[in-house]
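Coordinates in review
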Amino acid sequence: MKNDFRKMEDEMDRLATNMAVITDFSARISTTLQDRHKRITKLAGVHALLRKLQFLFELPSRLTKCVELGAYGQAVRYQGRARAVLQQYQHLPSFRAIQDDCQVITARLAQQLRQRFREGGSGAPEQAECVELLLALGEPAEELCEEFLAHGRARLEEELRSLEAELGPSPPAPDVLEFTDRGGSGFVGGLCQVAAAYQELFAAQGPAGAEKLAAFARELGSRYFALVERRLAQEQGGSDNSLLVRALDRFHRRLRAPGALLAAAGLAEAATEIVERVARERLGQHLQGLQSAFLGCLTDVRQALAAPRVAGKEGPGLAELLANVASSTLSHIKASLASVHLFTAKEVSFSNKPYFRGEFCSQGVRESLIVGFIRSMCQTAQNFCESPGEKGGATPPALLLLLSRLCLDYETATISYILTLTDEQFLVQDQSPVTPVSTLCAEARETARRLLTHYVKLQGLVISQMLRKSVETRDWLSTLEPRNVRAVMKRVVEDTTAIDVQVGLLYEEGVRKAQSSDSSKRTFSVYSSSRQQGRYAPSYTPSAPMDTNLLSNIQKLFSERIDVFSPVEFNKVSVLTGIIKISLKTLLECVRLRTFGRFGLQQVQVDCHFLQLYLWRFVADEELVHLLLDEVVASAALRCPDPVPMEPSVVEVICERG
Amino acid sequence: MEDDAPVIYGLEFQIHVIDFDDENNIINKNVLLHQAGEIWHISASPADKGVLATCYNKTADGKVVTCAAVWRMPAELEPGGHESPEDAASPAHALELLCHLGPAAHGSTACVAWEPAGDGKRVISLADNHILLWDLQESSSQAVLASSASLEGKGQLKFTTGRWSPHHNCTQVATANDTAVRGWDTRTMSQIYCIESAHGQLVRDLDFNPNKQYYLASCGDDCRVKFWDTRNVTEPVKTLEEHSHWVWGVRYNHSHDQLVLTGSSDSRVILSNMVSISSEPFGHLVDDDDLSEQEERSQEPPQDSVIATYEEHEDSVYAVDWSSADPWLFASLSYDGRLVINRVPRALKYHILL
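Residues numbered from 1 in each chain as written. Chains lettered and ligands numbered in written order. Predicted model: local features only at pLDDT ≥ 70, side-chain atom pairs only at ≥ 80, totals over all residues. Heavy atoms only, no water.

The name an unreviewed UniProt entry assigns to chain B is EARP and GARP complex-interacting protein 1, from the organism Neophocaena asiaeorientalis asiaeorientalis. On record in UniProt, under Subunit (unreviewed entry), the comment for chain B is "Interacts with two multisubunit tethering complexes: EARP composed of VPS50, VPS51, VPS52 and VPS53 subunits and GARP complex composed of VPS51, VPS52, VPS53 and VPS54 subunits. Interacts with SNAP29." Taken from UniProt, the Sequence similarities (unreviewed entry) comment for chain B reads in full: "Belongs to the WD repeat EIPR1 family." (UniProt positions renumbered as here; feature names shortened; annotations may be inferred.)

Under an unreviewed UniProt entry, chain A has the name Vacuolar protein sorting-associated protein 51 homolog and belongs to Neophocaena asiaeorientalis asiaeorientalis. Checking UniProt for chain A, the heading Function (unreviewed entry) contains the comment "Involved in retrograde transport from early and late endosomes to the late Golgi. The GARP complex is required for the maintenance of protein retrieval from endosomes to the TGN, acid hydrolase sorting, lysosome function, endosomal cholesterol traffic and autophagy. Acts as component of the EARP complex that is involved in endocytic recycling." Regarding chain A, the relevant UniProt record gives this comment under Sequence similarities (unreviewed entry): "Belongs to the VPS51 family."

As structure tokens, this is what we get:
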């Protein structure tokens, strides 16, 4: 061990001395070579400088060669490298010359680049390259932006023009779907490309550049929308919405993509607005379609009613016509609902928008379309009541009857059915006020009531006119002894029967007061009816005029007053009662205005008995008919200076004969 | 107040003169005999309380002809005179015939109307399709035909009723024939205006608004009452459809023309407040100092309304009229001979007055 250590020590000493020697030598070499080292460094530096200078001197020719060869990128790179140096040493005349040359060539280069850029036929990447190079050349960025946009605009305008050409009348207009496809892919695609490229290239430009892009997009976008709207406006007719909805869907979808890029331009919102507008218009068109279909139904009904009956063939009954109208209207409504429903289908891109989820369903479909249609139906029906001519005008009474039954049916069943259907299909999600079912039903019932009242008035008028003419035009003083019932009365009974049948086709019978068993065989003495109360009825003698009158007045106090125009219920008996009341009251008033001879009075007696025989079965309460007819005969007797009533048996014989 | 209620009893045609004592609510009745025939129309002279004109039916040779004549009531039975004894058994007095209004050759006379503001010297009678203007001379004992006019046209045109307008110096008369209402100038006897199809059916009665010059009310068998401005006859100013059967009479209140009375064969008398077309649509003008803030705010344009429906009659009401003595009193007459006298509700009366 000691040896080893001693050896190591020796070694270490030796190493130390060697190192010292080496250091010594190294130092001596460095100093010797120092000189050379310096000189070589200097040479190397000069060499590099010379190479640079060479490069500079050759720069113009190189640039020219590059330009000729079309290697623009390289040229621009060279130029970039040399620019700073040239700038710094431009006070040296030689450098200045070089710089000038370079500038000339660079200018040419830029021009060529621009040329290439403008030609445009080249695709976008090449253009992007040009723009990049130009930017690197130090061209002002705004100009480039403008040019780039202008170039893009030119392309897009061409697209727009071709779209517009499609709108023209001469070539057969293609599908809406094709149109929006073309527009979407051509224009919108191009716009997206331009926008993307722009943003890439000019990202460094900051907000000003983005603003320009937005303005550009907005302007072109608005023109595009204008064209789209024009085309959509052409889609007027047709109740089928499927094509339209698909086209709108494509259109909207396309514009959602660039939305991110062009958020500032608000294109997506504009597109949504367009879709909403179209949807609203469509709803309006549907409403009009429904209304005109309804009016068409009514015209058909009128024609069917007015058509002369072909011998041997019964025309369509009222019930059938009513069923036709009701079913066709309902089917139209359902069809409209179905086609409008397409707007809210899940697959459609805009069905999620708040408008479609909310306002479209509640205000648009339910309120404007359905409720609006029902209301307009009621209004149309009511307009028939207000026909100016009191003589019945052009409205056939059967139409009034049919419409009133239709409205009544709507009130009882159909309205709630339709609204339930609507609510199911279009789930209402917003809070706007909607018309409750009860309001609509009340309106429909009111319309039905008015129509029925008008019907009663019209028919009552017809019969009243007959009776009035018959009383006014006859000479009652010098008439002969009555042998038979007057033809007018038979007509009246026939007409009343016809009306009864007509109303019976559509309305239920109604409730009648129980008839007494001997209604049709009542003994008919002059002023009384054989009622249970037994009105005091002496045979009329001139000597006691006061008593009879007084007693009849007292009797009237206790009997119920007849209301000629009590509201009409929705059943046949009520309608007929109304009509008969009007007619008999007219007869009463007319009789009170004339003076009767003896036989005139007897004729009135016969006529009234005949009416009583046949009219009692139509009214709700047969006492009514008895009362009115008794009044008629009583008034006639009062108007007669020489009243001698006919024997009841003779009256009956004549009536049975006639 | 005088009121006449013709009731027809067998061969005795009578006029009942009924005295209504307002303060004591007592009715006196006197009966006058009118033997000439059955009375269809009656009107009293505005000047002389005892003079009246009637249209009556005369049956001759199996034909009925309506004639018109002027009569005088016996002096002691003149209404408003000294009190007559309440004696139901007093013998009926007879009317004294003053003069006939023309030969019956003109046709059946439907109506006789006295000139309202005149001295009882001029009358108009409507016979078939003629209007005849008479001058009564020598204390109404002689009637001279001053002028006449006829209605030309297809068919049998017949006047049904007529009324003298109290405006324009009493030179205008309105007549009704079938569904048309025509206005005539009595100075030239020419037609001034014509309201075609005033009503859907026959026009029964007319009346002029006493305060507003050009306003006229008509009622007819279409159950409606229509108010017209004669300067614009294409459309009625207002239409009332309160009745359910023919309206036989319409009358404006003589001083407050917003009160309109109508009677109809549905046995009802309806008093309506037609404020919007009256001469005082907003009531009296009140000084602003008197109105407190709240009152001003609550003043809205007044609404037309039905004031009351009177259902005391059991049969058709054929005539209604206002009293010329007390503007709040009116009477109505129905077929069964019932005469009902009513008042305007007090609340409304004070509202109008104050």
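Let's pick the thread back up.
The next subject is the sheet that holds strand S22 (residues 247-252) of chain B. All names here are of chain B. Read across the open sheet, the four strands follow the order S22-S23-S24-S25; overall the sheet is antiparallel. Each edge of the open sheet carries a strand with a single partner, namely S22 and strand S25 (305-310). The mean inter-strand angle of the sheet, taken between neighbouring strand axes irrespective of direction, is 20°. The pairing of S22 with strand S23 (residues 259-264) spans five bridges and is classified as antiparallel. (Pairing = 2+ DSSP bridges. Helix = DSSP H or I, 4+ residues; strand = E, 2+ residues; numbered from the N terminus. Axes fitted to C-alpha atoms, helices over the stretch in contact; angles between N-to-C directions.)

Once that is clear, we can look at the pairing of strand S12 (residues 130-137) of chain B. Residues and elements named next belong to chain B. Where strand S11 (residues 122-127) lies against S12, six bridges are found, and the strand directions are antiparallel. Opposite Val123, over in S12, you have Trp134 as the bridge partner. Counted between consecutive antiparallel strands, the loop separating S11 from S12 contains two residues, among which Asp128 sits at a positive phi close to 50°. Note that S12 and strand S13 (residues 142-150) share eight bridges and pair antiparallel. Bridge pairing in S13 links Ile131 to Ala149.

Another aspect to go through is the sheet that holds strand S17 (residues 190-195) of chain B. All names here are of chain B. The sheet built from four strands is open, its strands ordered S14-S15-S16-S17 with antiparallel pairing. Both edges of this open sheet fall to strand S14 (159-164) and S17, since each of them pairs with a single strand only. Averaged over all neighbouring strand pairs, the angle between strand axes comes to 25°, with direction disregarded. Looking at chain direction, strand S15 (residues 172-177) and strand S16 (residues 180-185) are connected through six bridges and run antiparallel. Looking at the pairing, Gln172 lines up with Asp185 of S16.

Our focus in this paragraph is the UniProt feature "repeat: WD" (unreviewed entry) in chain B. The UniProt feature table records "repeat: WD" (unreviewed entry) at residues 196-232 of chain B. Along residues 196-232 of chain B one finds 0% helix and 46% strand; the C-alpha atoms at either end are 12 Å apart.

A few words now on the domain arrangement of chain B. All names here are of chain B. When its domains are assigned, chain B resolves into domain 1 (10-79 + 90-150) and domain 2 (157-283 + 300-353). The distance between the C-alpha centroids of domain 1 and domain 2 comes to 23 Å. Facing the 26 residues of domain 1 at the interface are 20 residues of domain 2. Summed over both partners, the interface of domain 1 with domain 2 comes to about 1,800 Å²; 74% of that surface belongs to carbon and sulfur atoms. Of all residues in domain 1, Leu126, Asp128 and Ile131 bury the most surface against domain 2, accounting for 23% of the area lost on that side. At the junction of domain 1 and domain 2, the tally comes to zero salt bridges. At the boundary of domain 1 with domain 2, the tally comes to zero residue pairs in polar contact (both at pLDDT 80 or more). Elements with a contribution of two residues or more to the side of domain 1 that touches domain 2: strand S3 (12-21), strand S10 (109-114), S11, S12 and S13. Considering only residue class, the side of domain 1 that touches domain 2 consists of 15 nonpolar, seven polar and four charged. (Domains from an automatic or database assignment. Contact = heavy atoms within 4.5 Å. Buried area = accessible area lost by both parts, 1.4 Å probe. Salt bridge = Lys/Arg side-chain N within 4 Å of Asp/Glu carboxyl O. Polar contact = N/O pair within 3.5 Å; in protein donor to acceptor, adjacent residues only side chain to side chain. Nonpolar A, V, L, I, M, F, W, Y, C, P; charged D, E, K, R; others polar.)

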